[in-house]
Amino acid sequence: MSGFWKPGSERPKLVDDEEGGVLFFSAPRASAGGYGYANLERQRLRLPVYKFRTAILYLIENHATTIIVGETGSGKTTQVPQYLKEAGWAESGRVIACTQPRRLAVQSVASRVAEEMGVKLGEEVGYTIRFEDMTTPNKTMIKFLTDGVLLREMMEDPLLTKYSVIMVDEAHERSLSTDMLLGLLKKVQRRRPELRLIISSATIEAKSMASFFSSSKKRSIQASVDNVPQAVPGIISVEGKGFPVEILYSEEPFSNYVEAAVSTVISIHGQEPAGDILVFLTGQDDIEMAASLLREESQALESLSSGLLILPLYSGLPRAEQDLVFSPTPRGKRKVIISTNIAETSLTLEGVVYVVDCGFSKQRFYNPISDIENLVVAPISKASARQRAGRAGRVRAGKCFRLYTEEYFVKEMAAEGIPEMQRSNLASSVIQLKSLGIDNILGFDWMSPPSPESMIRALEVLYSLGILDDDAKLTTPTGFQVAEFPLDPMISKMILSANNNGCSEEAITIAAVLSIQSIWVSIRGSQRELDDAKLRFAAAEGDHISYLNVYKGFLDSGKSPQWCHKNFINYQAMKKVIEIRDQLIRLLKRLGMVPGSCEGDTMAVQKAIVAGFFSNACRFDPLGQNGMYKSLRSSQEVYIHPSSVLFRVNPKWVIYHSIVSTDRQYMRNVLAIDPSWLTEAAPHFYQLQKPYLGAL
């Protein structure tokens, strides 16, 4: 049964997804495996990439950089690292690295490769994601990791000396970490000509990648004479084993894509032959609404209710539900997987014949002027639309139903998405580059340069936090200490300030909870019970202190799953909080600090939080409507999110952890403060005015 794991085998690991939610992954068993053949070795030989094995190894041998273009499912991610090991690139203690933008993909691919090689995960094949290391020193030969983790490894070893080959997979996603990594690896190659890079992408961005890596510094290309690989990148295209996909557009634009997706699924199920359906929606709310509507519709049409297996796929899913997504479809059933764009490239879902594409995804957009980072529903690009359609042609000819018009696709849809580098808060990236000794950030070799406004704002914020000095260099010790934490710089500064206030234990607990998407379990139709559960832990000071109450309750219960269930708390998330806490405490000790607790002195904790988040201060506007606040820095109109314990309480002064944008700008994780703490924590940033406090 999929809900259990075999005795003697390792318990499936808990991983974070790219948004910090908690997901499980257990690799499918070989017999019911991803490619439908009983024998793993035979499956490997049938993958499209196998035909190109010799050509790929030849290019890697002779070129410093090799660019592999191949669609999802061609086998490049799982097979190329194995080909490299077979060819001797992991001998003499060397390691082959393969990076992924998403944590879920790192863990699932590593599980699959370990299974194919017949080794235990964590030994010859391992993985590292933030807050979790499943590798064995001197034994791991193939290591899967996120781009962000490899960037952090560069802080210890700038030239990445233990790696013989580094494969940057899913480079077309152009995540913030991927773009930084590509710029840094280009620099590393100049110092380590023997290092081989493989850039793997599912879309044809090969020319821009090739021109980026064609070194401007002349290097000998007589590989045969002086054993230096050619500087000009080699390019190879690995054709997929895809079947033709018929694209169907809507005749008119839809006003509600969730309802349109549901009615499309109903008509597919009623009119099309067997085959699973993959529906792309934007996030958990949309997915749950669609699943609910689909259940209602299918129950109303009795002929449908027995045949549809409705399965959501998003961050924070319970393990049993996620197992169902990856397990084979039961006989006589049709799976309907309703997913975020995580199923676009990172995961392979076999059995899908029909794709329903809503044309939107949730994307982060940072406005450096207002200093607010929003998670907004935005139109996808043509490249993403093609990726989504391609998921329908894996097992046989499929169909993709696009919930937008052909005219819109042809004339209005952008060809490529905006790289994350150009729509993100760059504060963490600047710290990482500075800690690697790269002081001329504006002169750094970016594939897509960020906007000057974003860069200036990042420098301003880091300067105000005391992380950068007047010369824009990391301060001693604060700047270098913050760089050690794999956290947002504001959270890191909060922990360091808490250490001075004697409450670092509490701050680390808060940091661990903020690193996870949510510790609450949201069950459809149980909103009232969830609200009542939150009230049991609610602190008048706000959400951060309420989290301390939850953590204390969890420890007092003996870390009981039953206690979590009774209080609508996600047990797996709380276990993850404990793991993250342990790592942060180890890190604090490594920095020479002794974690301490202030035993219920909430003011000390509040002041520590203010020291990190003072720039996120807001003041209640008594003249505004429905609990409106204004941010001190930019007079932005914001509201307390309904999930906060301070919703409808409306303290006069608050600070927030993040803003989420829907119909309004909502503050999440809100803390009530005394305005005098702002001038105390940041006299350089705020001054006291009459009749109220204002930002300079």
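Residues numbered from 1 in each chain as written. Predicted model: local features only at pLDDT ≥ 70, side-chain atom pairs only at ≥ 80, totals over all residues. Heavy atoms only, no water.

A.B. asks: Go over the packing of helix α6 (residues 176–191) against helix α16 (residues 427–435) with me, naming the residues and quoting the values.
C.D. replies: Each pair of packed helices can be summarised by the angle the axes make with each other and by the distance between the axes. Where α6 contacts α16, the axes come no closer than 11 Å and their chain directions differ by 25°. Our classification of the angle between α6 and α16 gives roughly parallel. For α6 against α16, the interelement crossing comes out right-handed. Taking contact as the criterion, the partners of L176, M180 and L184 in α6 are, on α16, S429, Q432 and L433. Tallied by class, residues from the contact of α6 with α16 come to four nonpolar, two polar and no charged. (Axes fitted to C-alpha atoms, helices over the stretch in contact; angles between N-to-C directions. Helix = DSSP H or I, 4+ residues; strand = E, 2+ residues; numbered from the N terminus. Parallel < 35°, antiparallel > 145°, perpendicular 65-115°, else oblique. Left-handed = near helix turned anticlockwise from the far one by under 90°. Contact = heavy atoms within 4.5 Å. Nonpolar A, V, L, I, M, F, W, Y, C, P; charged D, E, K, R; others polar.)

A.B. asks: Residue-level account of the confidence of the model for the chain, with values.
C.D. replies: The share of residues in the chain with pLDDT of 70 or more is 88%, and the mean pLDDT across the chain is 84. In the model, residues 217–225 has pLDDT below 50 throughout and makes 16 contacts with residues more than four positions away in sequence or in other chains. Here residues 691–696 is modelled with pLDDT under 50, and outside its nearest four sequence neighbours on either side it reaches 18 contacts, counting other chains as well. (pLDDT = per-residue confidence, 0-100.)

A.B. asks: Go over the nonpolar core with me, naming the residues and quoting the values.
C.D. replies: Core analysis: the largest hydrophobic core is formed by 113 residues, its most contacted members being I166, M494, I495 and L584. Top contributing element to this core by residue count: helix α24 (residues 571–590), with nine residues. Residues I60, V80, V106 and Y127 belong to the second largest nonpolar core, which totals 32 residues. (Core = buried A, V, L, I, M, F, W, Y, C linked by side-chain atoms within 4.5 Å. Buried < 20%, exposed > 50% of the residue type's maximum accessible area, 1.4 Å probe, protein only.)

A.B. asks: Could you give me a rundown of the environment of G351, with the residues and numbers involved?
C.D. replies: With respect to the helices, strands and loops of the structure, G351 is situated in the loop between α13 (342–345) and β15 (352–357). C-alpha of G351 to C-alpha of F326: the two residues are 25 residues apart in sequence and 9.8 Å apart in space. For G351, the contacting residues outside a window of four places in its chain are G275, D276 and V395.

A.B. asks: I'd like a description of the packing of aromatic side chains, backed by residues and values.
C.D. replies: Considering all chains together, one arrives at 13 aromatic pairs under this definition. Members of the aromatic cluster, joined through ring pairs, are W520, F537, F554, W563 and Y571. Positioned above the aromatic ring of F365, the side-chain terminus of R423 is 5.5 Å from the ring centre. (Phe/Tyr/Trp six-rings, centres within 6.5 Å; stacked < 30°, edge-to-face > 60°. Lys NZ or Arg CZ within 6 Å of the ring centre and 35° of its normal.)

A.B. asks: I'd like to hear about unusual backbone geometry, residue by residue, with values.
C.D. replies: Across residues other than glycine, the phi torsion is negative in most instances, and most of the peptide bonds are trans. With omega at 0°, the peptide bond leading from T476 into P477 counts as cis. Among the structural elements, P477 can be located in the loop between α17 (452–464) and α18 (478–484). Located in the positive-phi region is L160, a residue other than glycine, with phi close to 50°. Tracing the backbone shows L160 in the loop between α5 (147–156) and β8 (163–168). A positive phi angle, close to 60°, is found at A472, a residue other than glycine.

A.B. asks: Hey, could you go over the sheet that holds strand β20 (residues 628–631) for me, with residue numbers and the actual values?
C.D. replies: Paired through backbone hydrogen bonds, the strands of a sheet run either parallel or antiparallel to each other. Strand order in this closed barrel of five strands is β19-β20-β21-β23-β22, and the pairing throughout is mixed. In this sheet, neighbouring strand axes are inclined to one another by 50° on average, regardless of whether the strands run parallel or antiparallel. One ladder, built from seven bridges, connects strand β22 (residues 653–661) with strand β23 (residues 665–672); its direction is antiparallel. The partner of Y656 across the bridge, within β23, is V670. Those strands touched by helix α22 (residues 543–556) are β22 and β23, and its axis lies near 65° from that of β23. (Pairing = 2+ DSSP bridges.)

A.B. asks: Hey, could you go over the pairing of strand β9 (residues 196–201) for me, with residue numbers and the actual values?
C.D. replies: With six of its six residues buried, β9 lies for the most part within the structure. Side chains of β9 alternate between two faces, with R196, I198 and S200 and L197, I199 and S201 buried alike. Pairing between strand β3 (residues 65–70) and β9: five bridges, direction parallel. Across the sheet, I67 pairs through a bridge with I199, a residue of β9. Sheet analysis places β8 next to β9, joined by four bridges and oriented parallel. Each residue of the ladder has a partner; that of V168, found in β9, is I199.

A.B. asks: Account for the sheet that holds strand β11 (residues 245–249), naming residues and giving values.
C.D. replies: Pairing in this open sheet of six strands is parallel, and the strands run β11-β18-β15-β12-β14-β13 from one edge to the other. Sheet topology places β11 and β13 (308–313) at the edges, where each strand pairs with a single neighbour. The sheet shows a mean angle of 20° between the axes of neighbouring strands, direction not considered. In this sheet, strand β18 (residues 398–402) lies alongside β11 in parallel orientation, the contact comprising five bridges. Looking across to β18, one finds that I247 is bridged to C400. The sheet strands contacting helix α9 (residues 257–271) are β12 (276–280), β13, β14 (334–339), β15 and β18, and the helix crosses β15 at an angle near 155°.

A.B. asks: Got a sec to walk through the packing of helix α20 (residues 504–514) against α24? Specific residues and values, please.
C.D. replies: Look at α20 against α24: their axes get within 9 Å of each other, and the N-to-C directions meet at 130°. By the criterion of interaxial angle, the relationship of α20 to α24 is oblique. In the packing of α20 onto α24, the handedness of the crossing is right-handed. Facing S504, E505, I508, T509, A511, A512 and V513 of α20, the residues of α24 in contact are V577, I580, R581, L584, I585 and L588. Its residues assigned to classes, the contact of α20 with α24 comprises nine nonpolar, two polar and two charged.

A.B. asks: Describe the environment of G93, naming the residues involved and giving the relevant values.
C.D. replies: Relative to the helices and strands, G93 is located in the loop between α3 (76–86) and β4 (95–100). Sequence separation between G93 and S164 is 71 residues; the distance between their C-alpha atoms is 9.6 Å.

A.B. asks: With reference to specific residues and values, describe the pairing of β20.
C.D. replies: Pairing of strand β19 (residues 617–620) with β20, which is carried by three bridges, proceeds in the antiparallel orientation. Bridging across to β20, C618 finds its partner in S631. Sheet analysis places β20 next to strand β21 (residues 637–640), joined by three bridges and oriented antiparallel. Bridge pairing in β21 places Y629 opposite V638. The antiparallel pairing of β20 with β21 creates a hairpin that spans five residues between the two strands, and S635 there sits at a positive phi of about 55°.

A.B. asks: Can you explain the pattern of salt bridges? Please cite residues and give values.
C.D. replies: Under the counting rule described, the total for this entry stands at 21 salt bridges. E116 serves as the salt-bridge partner of R112, at 3.1 Å between the closest nitrogen and oxygen. One end of the pair is R112 and the other is E116, both in helix α4 (residues 103–117) and four residues apart, which spans about a single turn. Here E116 falls in the buried class, since its relative accessible area comes to 11%. Across the pair K552 and D556 runs a salt bridge, and its minimum N-O distance is 3.0 Å. Here the residue K552 and the residue D556 both occupy positions in helix α22, the gap between them amounting to four residues, near one helical turn. Beyond isolated ion pairs, a larger network of salt bridges with shared partners links R44, R53, E86, R112 and E116. (Salt bridge = Lys/Arg side-chain N within 4 Å of Asp/Glu carboxyl O.)

A.B. asks: Please provide a residue-by-residue account of α17, values included.
C.D. replies: Between its terminal C-alpha atoms α17 stretches 18 Å, which fits the 18 Å expected from 13 residues at 1.5 Å a residue. If you check which residues of α17 are buried, you get S454, M455, R457, A458, V461, L462 and S464. The inward-facing, buried residues of α17 contact β16 (360–367), α16 and α19 (489–501). Following α17 by one or two positions, G466 has its phi on the positive side, about 80°. (Expected span 1.5 Å × (residues − 1).)

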